[in-house]
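The chain contents come next:
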Amino acid sequence: MNESYIYKTSELETSLSSFAEKGITEFTLQDQEVLEHKGKLLSFLKNFEKKCPEVLLTLPVSASVLDMDVCKACSRIFCTLEIPFTGTSKGNTYLFDKKFFSRRSQMLNTLGLVFGFNLDFALNAGDGIKLFFDRLDFAVSLYPNHIDFSQMETDSKNTGRASATFSTQDIKRAGKVAAGAQCFYTYGRAVTWFLSVLAPLKMSPSRFFEDFSEWCALNNYRLEGDWENLKKNHKEIEKMQLAFLKFKYEEKNKEQLFEAVSSIVRLNGALSRCYGENEECEVELSYNPEELLGGGAMNVQSFFDNSFLEYSTVKVFMGSDGPDFKYC
């Protein structure tokens, strides 16, 4: 049961004790008075750790609040952070602080926190299509667990405002790229392998997502407006991912690498479904599964050059410490 914050601030912390009784397993905090005040947020996190250790907490919080104290408190509970990935407008100039987000992301990754970015486009003065692509490419480089575009999910009519720096045609293009990123990266659970698989193609993430969106349209896959169905069908998205990757690797004359890519994607996908849906399955692989999950697979070309084919079938299941696998 997932419940967003509906309590008064004064009642919030005392209400935590009732979560187990109500069967609440997921909770999204939406109280800005708590989210924007470090002291109140730390107090809430301490109580949450004590009273709701089994509940998944979602915190939509500004990166400016995420100092080391808050991040360490988050690391002690079961939580995910939703971080606005935005800049500021000054006059007709859009400013985005890459160093700030890079430092914050490095801290989050070091502490092993799950976090995602929420991007927007054509909503702030001075924003432009190239700036949006640059933000998206930079966001992917920081290894967020997911990238979302809430303006597309909540109101299809609020996809942006045309301006001197962001034309109507550019807004449509940005929407297609955002849809491709949301499907392929976020709903496709691609964070663990995306950058390594992208590298041999020598493409930017934004260009890749744009091509994916166009490929989906040509192959009658509906992305925009179909978010709820996409969220629930990771197996179908994985089929789309593999079909598109096969197409791109052939297009770039890298088809010899695709067998390794396919094994990487399918094994990671099975592990993610085991964790998310408690699904057991068998996966046919072309390489040693330990090597596929190791650091060597981060460089697909090097992995292909230095690894031996090892055909096998593994069963993926939930072990005592999380998703695990064994040879069939």
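Here, the structure is the one placed above.
Source: prediction; values computed, not measured.

Some remarks on the pairing of strand β10 (residues 312-319)
Two strands pair when backbone bridges link them, and strand β9 (residues 281-285) and β10 are joined in this way by five bridges, in the antiparallel orientation. Opposite V283, over in β10, you have V314 as the bridge partner. Hairpin connection, β10 to strand β11 (residues 322-327): the antiparallel pair is bridged by two residues.

Looking at unusual backbone geometry
Notably, N220 is not glycine yet its phi reads approximately 60 degrees, a positive angle. Relative to the helices and strands, N220 resides in the loop between α11 (205-218) and α12 (227-231). Located in the positive-phi region is N253, a residue other than glycine, with phi close to 60 degrees. One can find N253 in the loop between α13 (234-251) and α14 (258-277). What makes N253 exposed here is its relative accessible area of 59%.

Describing α11
Taking 1.5 Å per residue, 14 residues should reach 20 Å; α11 reaches 20 Å between its end C-alpha atoms and fits that length. α11 sits mainly inside the fold: ten of its 14 residues count as buried. What α11 keeps buried is the set P205, S206, F208, F209, E210, D211, F212, S213, W215 and C216. On its buried face, α11 sits against α7 (129-141), α9 (168-187), α10 (194-198) and α13. N220 lies just past α11 and shows a positive phi near 60 degrees.

Quick word on the side chain of E210
Within the secondary structure, E210 sits in helix α11. Side chain to side chain, E210 and R173 meet in a polar contact 2.7 Å long.

Some words on the sheet that holds β9
The strand order across the open sheet formed by three strands is β9-β10-β11, and the pairing between neighbours is antiparallel. Strands with a single pairing partner mark the edges of an open sheet, and in this sheet they are β9 and β11. Looking at each pair of strands side by side, their axes are set apart by 35 degrees on average, direction ignored.

Details of the packing of α9 against α11
Between α9 and α11, the least distance of the axes is 8 Å, while the angle of their chain directions is 90 degrees. In terms of axis orientation, α9 runs roughly perpendicular to α11. Where α9 abuts α11, its residues R173, K176, V177, G180, A181, C183, F184 and Y185 lie against S206, F208, F209, E210, F212 and S213. Grouping the amino acids of the contact of α9 with α11 by side-chain chemistry returns eight nonpolar, three polar and three charged.

So, the pattern of salt bridges
In the structure shown here, the tally under the stated rule is 17 salt bridges. Between K38 and D67 there is a salt bridge, with its nearest N and O atoms 2.6 Å apart. Taken together, the residues K38 in helix α4 (residues 38-51) and D67 in the loop between β3 (56-60) and α5 (68-75) connect sequence positions 29 residues apart. Residue classification places K38 among the partly exposed residues on the basis of a relative accessible area of 34%. Here K235 and E279 are joined by a salt bridge, their closest N and O atoms 3.7 Å apart.

Rules and cut-offs
Residues numbered from 1 in each chain as written. Predicted model: local features only at pLDDT ≥ 70, side-chain atom pairs only at ≥ 80, totals over all residues. Heavy atoms only, no water. Pairing = 2+ DSSP bridges. Helix = DSSP H or I, 4+ residues; strand = E, 2+ residues; numbered from the N terminus. Buried < 20%, exposed > 50% of the residue type's maximum accessible area, 1.4 Å probe, protein only. Expected span 1.5 Å × (residues − 1). Contact = heavy atoms within 4.5 Å. Polar contact = N/O pair within 3.5 Å; in protein donor to acceptor, adjacent residues only side chain to side chain. Axes fitted to C-alpha atoms, helices over the stretch in contact; angles between N-to-C directions. Parallel < 35°, antiparallel > 145°, perpendicular 65-115°, else oblique. Nonpolar A, V, L, I, M, F, W, Y, C, P; charged D, E, K, R; others polar. Salt bridge = Lys/Arg side-chain N within 4 Å of Asp/Glu carboxyl O.

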